[in-house]
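# Understanding the architecture of this molecule
Chain by chain, the residues run as shown.
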Amino acid sequence: MGQKKIVVLIDWYLPGYKAGGPIQSVANIVQHLKTDYDIAVITTDTDLHETTSYSAVESNKWTVAPDGTRTYYFSKSALNFGNLKKIILGERADFIYINSLFSVNFTILPLLIRKLFLPNRKVVLAPRGMLGKGALNIKPGKKKIFLSASRLFGLFKNITWHASTILEEEEIKSAFGSNSKVITAVNLTSSRTLQFISKPKEVNQCKLVFISRIASKKNILPVLRALYRLPDSMNVDFDIYGPIDEADYWKQCEAVIQQAPGNIKINYKGPVENAQVHDVLTNYHFSVLYTQHENFGHSIIEGMAAGCPAIISDQTPWRNLAEQNAGWDVPVDNEKALQPVFTEACLMNQNTYDEWSRAALTFASGIINDEKALTANKSLFQ
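This write-up is about the structure you can find in this document. (Residues numbered from 1 in each chain as written. Predicted model: local features only at pLDDT ≥ 70, side-chain atom pairs only at ≥ 80, totals over all residues. Heavy atoms only, no water.)

### Considerations on the nonpolar core
Of all hydrophobic cores here, the largest spans 55 residues; its most connected members are Leu208, Leu227, Phe238 and Phe342. Among the elements that make up this core, the one with the highest residue count is helix α12 (residues 350-368) (eight residues). When sequence neighbours within four positions are dropped, the list of residues in contact with Leu208 reads Leu227, Val236, Asp237, Phe238, Asp239, Tyr284, Phe286, Val288, Ile311 and Phe342. With 34 residues, the next largest nonpolar core counts Leu84, Ala93, Ile96 and Leu125 among its residues. (Core = buried A, V, L, I, M, F, W, Y, C linked by side-chain atoms within 4.5 Å. Buried < 20%, exposed > 50% of the residue type's maximum accessible area, 1.4 Å probe, protein only. Helix = DSSP H or I, 4+ residues; strand = E, 2+ residues; numbered from the N terminus. Contact = heavy atoms within 4.5 Å.)

The structure is reproduced here in structure tokens:
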């Protein structure tokens, strides 16, 4: 028997990077599983919020990457029910792997195609954190209507859910019933050997970095306010990287940034491509993501892999970091708790910082080179 085939559906994919974590999650699972399965990806030919298609990609035809994986890039004008049906049915896949919950083109239409034409085809659906409380609170009315309608039409009947964490497994069962078939498999990262490099660190000084989409969910405003409460003796450089996902939210941030005291220097650096993220992170002491919800948080692990202890909220899978000297997970509903964390970070001397930086690297290595995670991801398609 030949290899089992998986068709992967996702709104944005490589070479895109502005949609953040989901692109990385899917790219990593493709890289890890491509020797065991025949994998084809169906996506769009533009990045998030872009109107120009990728220069190196031919739209509306299969593109074969150097590693042999195939990707079909739909143009906006060609993306419709009929064409999706033609491509999905033409692949004769054993598994359909969906990577969103609220996408019309890459969740609803494929599930309708499956219901009408491929009722026995196995579907694996990864909600990618969209059922978390913080995520559901954004445009809650539309999401409630969608979930109710999809249950009514039985779109999510007889599917396997891919939860990235035990918490997400609970979220799925809360939304779709305790009898839902859920497999928990932590998101894969790109396997590599990590190397510790000491970064110069002075007392009363630190360099912070934020790498993520700029949106209310990512919760950068409380971070700015907490930094401004630090004493004048502490000097902080805070660089912000990422696409502006919500223009109105960024305007609020800009208004606050303009009020920065002299000892706090804040710079917006724009988006950064995935391939450059590690090199960027090596220039900083700590990474910051005080998010309202993250089902994995690739930028958190990437930061630790670059020796940056994480300053994050308690709404991610990564908890009790301070006990491991790998960072801090601060309650998302207690903004005042950020200030003592930033103070402790600033006050670290070289020896203490090196100890924490090594601990962050060790923490990341345990996630990146976890063989159990690979086994669990393979079990999604068995």
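### Description of the sheet that holds strand β13 (residues 310-313)
The strands that make up a sheet pair up through hydrogen bonds in the backbone, lying either parallel or antiparallel. Strand order in this open sheet of six strands is β11-β10-β9-β12-β13-β14, and the pairing throughout is parallel. Here the strands that pair on one side only, and so sit at the sheet edges, are β11 (264-270) and β14 (327-330). Shown here is a sheet whose adjacent strand axes are inclined to one another by a mean of 20 degrees, direction ignored. As paired elements, strand β9 (residues 205-211) and strand β12 (residues 286-289) share two bridges and run parallel to each other. Bridged to Leu208 within β12 is Phe286. (Pairing = 2+ DSSP bridges. Axes fitted to C-alpha atoms, helices over the stretch in contact; angles between N-to-C directions.)

### As for the sheet that holds strand β7 (residues 160-163)
Taking strand neighbours across the sheet as the criterion, the eight strands line up as β3-β4-β2-β1-β5-β6-β7-β8 in an open arrangement whose pairing is mixed. The sheet terminates laterally at β3 (62-64) and β8 (181-184), the two strands that pair on one side only. Going across the sheet, the axis of each strand differs from the next one's by a mean of 25 degrees, ignoring polarity. As judged from the four bridges shared by strand β1 (residues 5-9) and strand β5 (residues 95-98), these two strands associate in the parallel manner. Along β5, the bridge assignment pairs Val7 with Ile96. Across the face of the sheet, helix α2 (residues 81-91) comes into contact with β1, β2 (38-44), β3, β4 (70-74) and β5 while running at roughly 170 degrees to β4.

### Thoughts on the pattern of salt bridges
According to the stated counting rule, one finds 11 salt bridges in the structure shown. Lys5 is the salt-bridge partner of Glu91, the closest N and O atoms lying 3.1 Å from each other. Remark: Lys5 occurs in strand β1 and Glu91 occurs in helix α2; sequence separation between them is 86 residues. Pair check on accessibility: Glu91 and Lys5 agree, each one buried. Through salt bridges that share partners, Lys5, Arg70 and Glu91 make up one connected network. (Salt bridge = Lys/Arg side-chain N within 4 Å of Asp/Glu carboxyl O.)

### Side note on the state of the cysteines
One pass over the structure, following the stated rule, counts zero disulfides. Just so you know, Cys206 is unpaired, no disulfide at all, and the nearest cysteine sulfur is the one on Cys346, 3.5 Å from it. Under the relative-accessibility criterion, Cys206 is labelled buried at 1%. (Disulfide = S-S within 2.5 Å.)

### Description of the side chain of Arg114
Residue placement: Arg114 occurs in helix α3 (residues 104-117). Here Arg114 is buried and forms no salt bridge, its nearest opposite-charge partner Asp94 lying at an N-O distance of 13 Å. Polar side-chain contacts of Arg114 include one of 3.0 Å to the backbone oxygen of Lys157. (Lys, Arg positive; Asp, Glu negative; His and termini not counted. Polar contact = N/O pair within 3.5 Å; in protein donor to acceptor, adjacent residues only side chain to side chain.)

### Observations regarding the packing of aromatic side chains
Counting across every chain of the model gives 16 aromatic pairs. Look at Tyr97 and Phe381: their rings are 5.2 Å apart centre to centre, the planes differ by 85 degrees, and that puts the pair in the edge-to-face class. With Tyr97 in strand β5 and Phe381 in the segment after α13 (371-378), this residue pair connects regions lying 284 residues apart in the sequence. On the basis of relative accessibility, which here comes to 1%, the residue Tyr97 falls in the buried class. Residue classification places Phe381 among the buried positions, given a relative accessible area of 3%. Cluster of aromatic residues (ring-pair linked, three or more members): Tyr37, Phe95, Tyr97 and Phe381. The ring of Trp62 is capped by Arg70, whose NZ or CZ atom sits 4.4 Å from the centre of that ring. The ring of Phe117 carries Lys85 above its face, with NZ or CZ at 4.4 Å from the centroid. (Phe/Tyr/Trp six-rings, centres within 6.5 Å; stacked < 30°, edge-to-face > 60°. Lys NZ or Arg CZ within 6 Å of the ring centre and 35° of its normal.)

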